[in-house]
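# Descriptive structure summary
Okay, here's what each chain looks like letter by letter:
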Amino acid sequence: MGRQHEQAAGEVLASQFMSQLQQLRDAMRGAGVDALWVSHPANVRALTGFSSPEDGRVLVTPDAATLYTDARYTVQAREESGLPQFIARPPETFKHAAALLKGQTVGFESDSLTVAGLDDLKEHWPDAKLVPLRGMIQGLRQIKTAQEIAAIRAAQNLADQVFNEVRPMIIAEVRELDIALEIETRLRRAGAGSAFGVIVASGPRGAMPHGLASERVIGDGELVTVDMGARLSGYNSDMTRTVAVGTPSDEMRRVYHAVLEAEEAAIRAVKPGVRAADLDRIARDVLTGHGLGEAFAHSLGHGVGLEVHEGPGLRGTSEDVLAAGMVITIEPGAYLPDVGGVRIEDLLLVTTDGYQVLSHAPKEPV
Ligand code: ZN
Ligand code: ZN
């Protein structure tokens with residue numbers, strides 16, 4: 001069972017990478033490049049499945065695609081990579097590639113190549129014309145494959161389970177740090193990792209949208225914002241719940257219900273063809289109606305996948321339009337300096353006729 005099962009999974013993965021390569025080559029032709037040097041780790045992973053993409057590069061040409069990594073990863077790359085591998089260290093890597101690139105126009109990822117990295121390409125590929133490109137693979141990655149959706153779903157299911165287990169521990173007299181530690185430990189025990197530093201922001205710290213867990217002791221009558229994600233098989237989840245410890249003030253309860261109303265209004269509007277900027281506007285208008293427009297100090301959400309924050313961008317200035325297969329967050333918040341804050345975040349899959357909410361941890365009637 002084991003081996004046959006693995007082989008079948010490998011074949012499915014290989015076909016996934018092939019269809020992605022096809023799309024990528026179309027995009028490369030559109031951008032006028034013959035070849036593409038891929039250095040952004042999440043892009044390397046998306047094209048190959050190689051799970052140490054920081055130490056990998058990919059060269060895509062019209063009729064070949066190769067994963068370059070070094071001898072530390074010979075076995076791992078053979079087991080994981082959907083692309084053929086060339087095992088070497090620079091400068092051998094560049095020399096191997098140079099033979100394929102004479103006289104070619106070669107795109108490189110200008111948003112993830114250092115100045116020194118570009119100098120290396122210039123030195124070793126003197127006959128190639130180097131062209132800076134931004135976000136080409138990131139754009140393709142916005143639409144998830146069935147396998148990617150399954151991986152994100154699994155990560156979120158685990159996050160839901162861990163949140164539900166830890167929720168009873170969020171009580172007065174407990175430190176924020178201990179909540180975060182409990183979440184991280186349970187994720188690790190399940191074979192996952194934390195997608196990002198767990199945010200636990202209680203009482204007045206709730207006014208910090210990215211308040212990493214601190215030594216602060218949670219008090220009675222406070223709201224506590226917990227933002228967490230699991231990273232499983234390279235894919236991330238992302239969810240925020242704001243919970244009440246005891247009975248919060250009337251003011252904070254009012255803020256909670258305003259944020260929940262904004263969140264639900266934006267979620268209901270999710271479907272293919274909707275502009276991301278319009279979703280941001282829907283949530284912002286609800287909060288503005290409650291006098292909290294200024295308090296909503298960040299954008300509505302973002303795509304999630306191999307990276308916690310990726311396209312599409314759900315903000316007022318975004319040009320992105322939703323399409324089926326995108327996985328996005330909807331996460332309005334309201335932050336009142338020195339008083340407290342609320343954020344509620346769900347993870348959604350955009351489907352052909354609307355959306356599916358992937359995060360299931362309950363939202364409490366604060
Ligand atoms: Zn989050
Ligand atoms: Zn988020």
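Heads up: the structure comes first, above all this text.
The text that follows walks through the structure, step by step, so that each part is easy to find. Because the structure is a prediction, the values reported are computed rather than measured.

### Here we look at the layout of surface pockets
Here the second largest pocket defines a volume of roughly 360 Å³. What lines the second largest pocket is a set of 21 residues, among which Trp37, Gly56, Arg57, Pro90 and Phe94 lie closest to the centre. Mapped onto the lining of the second largest pocket, the elements with two or more residues apiece are strand S3 (64-69), helix H4 (92-101) and helix H5 (115-124). Residue contributions to the lining of the second largest pocket peak at three residues, all from H5. Tallied by class, residues from the lining of the second largest pocket come to seven nonpolar, seven polar and seven charged.

### Considerations on the pairing of strand S12 (residues 239-245)
One face of the sheet, then the other: side chains in a regular strand alternate in exactly this way. The buried fraction of S12 is high, at seven of seven residues. Residues Met239, Arg241, Val243 and Val245 point to one face of S12 and Thr240, Thr242 and Ala244 to the other, with burial holding for every one of them. Pairing of strand S9 (residues 222-228) with S12, which is carried by seven bridges, proceeds in the antiparallel orientation. Within the sheet, the bridge partner assigned to Val224 lies in S12 and is Val243.

### Topic: the packing of aromatic side chains
In the structure shown here, the tally under the stated rule is six aromatic pairs. Where Trp37 meets Phe94, the ring centres are 6.0 Å apart and the plane angle is 45°; that geometry is what we call tilted. Separated by 57 residues along the polypeptide, Trp37 in strand S1 (residues 35-38) and Phe94 in helix H4 bring together distant segments of the chain. Accessibility classification places Trp37 together with Phe94 in one group, the buried group. Between Tyr68 and Phe86, the aromatic rings sit 5.7 Å apart at their centres with planes inclined by 65°, giving edge-to-face as the arrangement. Taken together, the residues span a long stretch of sequence, with Tyr68 in strand S3 and Phe86 in strand S4 (residues 85-87) at a distance of 18 residues. Members of the aromatic cluster, connected to one another through ring pairs, are Trp37, Tyr68, Phe86, Phe94 and Trp125. The ring of Phe296 has Arg284 lying over it, and the distance from NZ or CZ to the ring centre is 4.0 Å.

The rules behind the values
- Residues numbered from 1 in each chain as written.
- Chains lettered and ligands numbered in written order.
- Predicted model: local features only at pLDDT ≥ 70, side-chain atom pairs only at ≥ 80, totals over all residues.
- Heavy atoms only, no water.
- 1 Å grid on protein atoms, 1.4 Å probe; cavity = no way out; pocket = protein on both sides within 12 Å on 5 of 7 lines; lining within 4 Å.
- Points joined across faces, edges and corners; volume = space filled by probe spheres on them.
- Helix = DSSP H or I, 4+ residues; strand = E, 2+ residues; numbered from the N terminus.
- Nonpolar A, V, L, I, M, F, W, Y, C, P; charged D, E, K, R; others polar.
- Buried < 20%, exposed > 50% of the residue type's maximum accessible area, 1.4 Å probe, protein only.
- Pairing = 2+ DSSP bridges.
- Phe/Tyr/Trp six-rings, centres within 6.5 Å; stacked < 30°, edge-to-face > 60°.
- Lys NZ or Arg CZ within 6 Å of the ring centre and 35° of its normal.

Any functional reading would require information beyond the geometric quantities listed.
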